[in-house]
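# Observations on the model geometry
Residues per chain, in single letters:
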Amino acid sequence: MTIYGNERRLFLEGEAETEKLGQELARLVIESGQGLTVFLDGDLGMGKTTLSRGVMRGLGHEGAVKSPTYTLVEPYEHLKPPAYHFDLYRLGDPEELEYMGIRDYFSGDNLCLIEWPERGKGVLPEPDLEIHLEREGDGRSVIIRARSAQGAHLMNELELVGPEH
């Protein structure tokens, strides 16, 4: 795996800033005109679904955004680009992803957000971006790492979000 060396660290005070980061990511994906695969990492309750909600709203989705814990994937095919939110927390075996045609989701200009990506190891493609969220005081510490040229480009364009911005 090529590591592009780009890393951004942010502090987000609450849900609104976490959602705003997701909206900023959506803006960059729209501007790029390319698909993107994002791995979302962090313990339960760290804001992975909140960030995903921000992305979907940034793409123009107006309804609820729920974590697809039991269905594994929530499609947002009406958006431009089409987006897919995966939650692999309850995945029993990575091979189950093959049965659902997982590779089809990662083609074209689709945006794929994957919570608990380590559960799909060996089946999932490499991400363009990895976003790690963890508790820091009353807020969240966020580390964004580029894992592809596309991810590095987007991260370089990222407008910082946080209490000092």
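Below is a summary of the structure that appears in this document. No experiment lies behind these values; they were computed from the predicted model shown.

Throughout the structure, instances matching the rule amount to 9 salt bridges. Here Arg9 makes a salt bridge to Glu7, at a shortest N to O gap of 2.9 Å. By relative accessible area, which is 36% here, Glu7 ends up partly exposed. Notably, a salt bridge pairs Arg57 with Glu19, separated by 3.0 Å at the nearest N-O pair. Within this pair, whereas Arg57 is found in helix H2 (residues 48-58), its partner Glu19 is found in helix H1 (residues 15-32), the two being separated by 38 residues in sequence. Owing to a relative accessible area of 15%, Glu19 belongs among the buried residues under this scheme. Connected via shared salt-bridge partners are Glu15, Glu19, Arg53 and Arg57.

Glancing now at H1. In this model H1 runs 26 Å from its N-terminal to its C-terminal C-alpha over 18 residues, within 8% of the 26 Å that 1.5 Å per residue would give. Within the span of H1, buried status applies to Glu17, Thr18, Glu19, Leu21, Gly22, Glu24, Leu25, Ala26, Leu28 and Val29. A positive backbone phi angle near 70° is found at Gly33, which sits one or two residues after H1.

Rules used throughout
- Position numbers for residues start from 1 in each chain and track the written sequence from start to end.
- Since the coordinates come from a predicted model, pLDDT governs what is reported: local features require at least 70, and pairs of side-chain atoms require 80 or more to be given and counted, while whole-chain, interface and lining totals use all residues.
- Derived side-chain values reflect all non-hydrogen atoms in the structure, with water molecules and hydrogen atoms excluded from consideration.
- The rule for a salt bridge is simple: a side-chain nitrogen of Lys or Arg has to be within 4 Å of a carboxyl oxygen of Asp or Glu.
- To sort residues, take the accessible area from a 1.4 Å probe on protein chains only and compare it with the maximum for the residue type: under 20% means buried, over 50% means exposed, and anything in between is partly exposed.
- Segments assigned H or I by DSSP are reported as helices when at least four residues long, segments assigned E as strands when at least two residues long, and all are numbered from the N terminus.
- Multiplying one less than the number of residues by 1.5 Å gives the expected span of a helix.

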